[in-house]
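Chain residues, written in single-letter form:
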Amino acid sequence: MPSRNILVINCGSSSIKFALVNEDQAQFTLSGLAERLGSHDAVLHWQRGGEQDSLIIPYGLHRAALAQLLPLAQDAAGGKLHGIGHRVVHGGERFTNASRLDEAALQAIRATVPLAPLHNPANLLGIEAATNLFPNAPHVAVFDTAFHQTLPAHAFRYALPESLYQEHGVRRYGFHGTSHRFVSQRAAEMAELPIDNSSWLVAHLGNGCSTCAIVNGQSRDTSMGLTPLEGLVMGTRSGDVDPNLHGHLTRTLGWSLEQIDHMLNQDSGLLGLSGLSNDMRSLEQARDQGHAGASLAIEVFCYRLAKSLAAMSCALPQLDGLIFTGGIGENSALIRSKTVAHLKLLNLELDKQANARTIRGASGPIQAHDHPRVLVVPTNEERQIALDTLALLN
Ligand code: AMP
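Residues numbered from 1 in each chain as written. Predicted model: local features only at pLDDT ≥ 70, side-chain atom pairs only at ≥ 80, totals over all residues. Heavy atoms only, no water.

By the naming in an unreviewed UniProt entry, the protein goes by Acetate kinase and is assigned to Pseudomonas taeanensis MS-3. As stated in UniProt under Catalytic activity (unreviewed entry), the record for the protein gives "acetate + ATP = acetyl phosphate + ADP". According to its UniProt record, the protein has this under Subcellular location (unreviewed entry): "Cytoplasm". (UniProt positions renumbered as here; feature names shortened; annotations may be inferred.)

**Q** Help me get a handle on the pattern of salt bridges, residues and values and all.
**A** Applying the stated rule across the entire model yields 15 salt bridges. A salt bridge links R87 to D144; its shortest N-O distance comes to 2.6 Å. Linking R87 in strand β6 (residues 83–88) with D144 in the loop between β8 (139–143) and α4 (153–156), this pair joins segments that are 57 residues apart in sequence. Note on accessibility: R87 and D144 belong to one class, buried. When the shortest N-O distance is used, the salt bridge between E103 and R110 registers 3.4 Å. Judged by its relative accessible area of 48%, E103 is partly exposed. Linked through salt bridges whose partners overlap, the residues forming this network are E35, R36 and D41. (Salt bridge = Lys/Arg side-chain N within 4 Å of Asp/Glu carboxyl O. Helix = DSSP H or I, 4+ residues; strand = E, 2+ residues; numbered from the N terminus. Buried < 20%, exposed > 50% of the residue type's maximum accessible area, 1.4 Å probe, protein only.)

**Q** Please give an account of the packing of aromatic side chains that cites residues and values.
**A** Applying the stated criterion across every chain yields a total of 2 aromatic pairs. Consider the rings of F95 and F143, whose centres lie 4.1 Å apart with planes at 15°: the pair is stacked. Residue F95 is located in the loop between β6 and β7 (99–100), and its partner F143 is located in strand β8; the two are separated by 48 residues in the primary sequence. The class of F95 is buried, set by a relative accessible area of 2%. Measuring from centroid to centroid gives 5.8 Å for F156 and Y165, while their planes differ by 50°, and the two rings are tilted. Taken as a pair, F156 and Y165 share a single burial class, namely buried. A cation sits over an aromatic face here: R171 above F156, 3.7 Å from the ring centre. Positioned above the aromatic ring of Y173 is the side chain of R171, whose terminal nitrogen or guanidinium carbon lies 4.8 Å from the ring centre. (Phe/Tyr/Trp six-rings, centres within 6.5 Å; stacked < 30°, edge-to-face > 60°. Lys NZ or Arg CZ within 6 Å of the ring centre and 35° of its normal.)

So, in structure tokens, the structure goes:
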């Protein structure tokens with residue numbers, strides 16, 4: 001059978017990331033980003049092999065961007081596009097796996113909008129535009145939450161009145177599931193362990209950050225909760241704060257809910273702590289030049305990450321390895337070494353040289369001799385979404 005091509009689409013409110021994945025090729029055939037959708041300088045950037053170009057889509061919305069993108073993808077696939085995989089952030093309790101997109105699935109995703117008001121509406125816009133433009137291709141939704149539907153109740157329930165869970169779905173869902181699943185499977189292959197008989201801690205550290213405990217290929221606990229705000233310090237998100245903070249800021253400063261939401265999601269995290277940037281590269285440079293805020297942001301980030309990993313270890317019967325992934329996890333030897341330095345009680349220790357050289361797409365073990373495995377594993381959510389889409393087409 002000739003190898004198949006899947007177009008993977010990730011729609012945000014003002015952007016669309018895309019990749020054309022061929023099942024037999026490691027590199028994407030076509031990839032790119034449409035950004036600033038809805039503004040006068042909306043633009044679609046794409047690259048294919050050595051070639052790259054940008055197309056202006058004045059005041060273009062998602063449909064206009066996809067109308068430009070789909071012929072490009074068809075062409076790059078040699079006219080043989082076998083399906084479209086859509087990333088959907090929240091699948092609630094309804095979706096425990098990827099799903100073919102029919103009317104019932106669409107209804108269920110719409111019903112989940114109150115749980116992810118920032119993300120699911122944009123995902124739905126992309127799905128609706130793409131299914132209209134390309135009605136004959138199979139469309140599949142792959143959910144960020146689905147992998148974590150194996151969490152036991154003691155990990156997913158909040159200590160809140162039962163009715164909030166039963167009637168309103170207030171529980172921990174977890175996100176980044178596609179990445180946690182991809183890297184844990186890769187790690188098991190690298191360590192030559194069967195995924196269904198192995199235990200992993202994962203730190204996915206990008207602009208959003210989360211940890212996960214994975215036992216026998218199943219998520220048993222994760223740091224994000226009802227929304228992607230819970231847990232670790234992130235680029236602009238605070239992660240955990242005292243749940244009374246909302247009340248405190250309203251009573252003492254008169255802040256509205258919108259102000260507080262905005263502050264916690266956009267102005268906090270590395271950016272809030274450093275007063276400088278949400279970008280770890282900039283913070284590392286500034287720290288080297290003696291910037292106190294950047295230095296503090298890095299210390300808090302690593303300590304909170306280590307605390308979360310230690311907490312996740314409660315869900316493991318044994319530790320086969322700690323996995324670092326995401327832009328920071330794959331590239332920052334400093335963050336990895338500072339985090340692991342807090343985890344002496346798990347007997348973790350890094351090999352300095354291996355840690356320093358395993359960056360920029362390299363993968364491999366970085367632990368010191370005779371210490372538990374620590375692996376750097378580049379994530380590839382697009383490939384995992386394409387694989388899930390293909391699995392449903394089979
Ligand atoms: P992602 O969302 O996975 O693309 O990750 C974005 C984050 O990775 C940003 O904070 C970047 O600063 C960080 N990052 C990328 N490259 C490096 C690097 N060489 N050193 C430190 N952080 C990096």
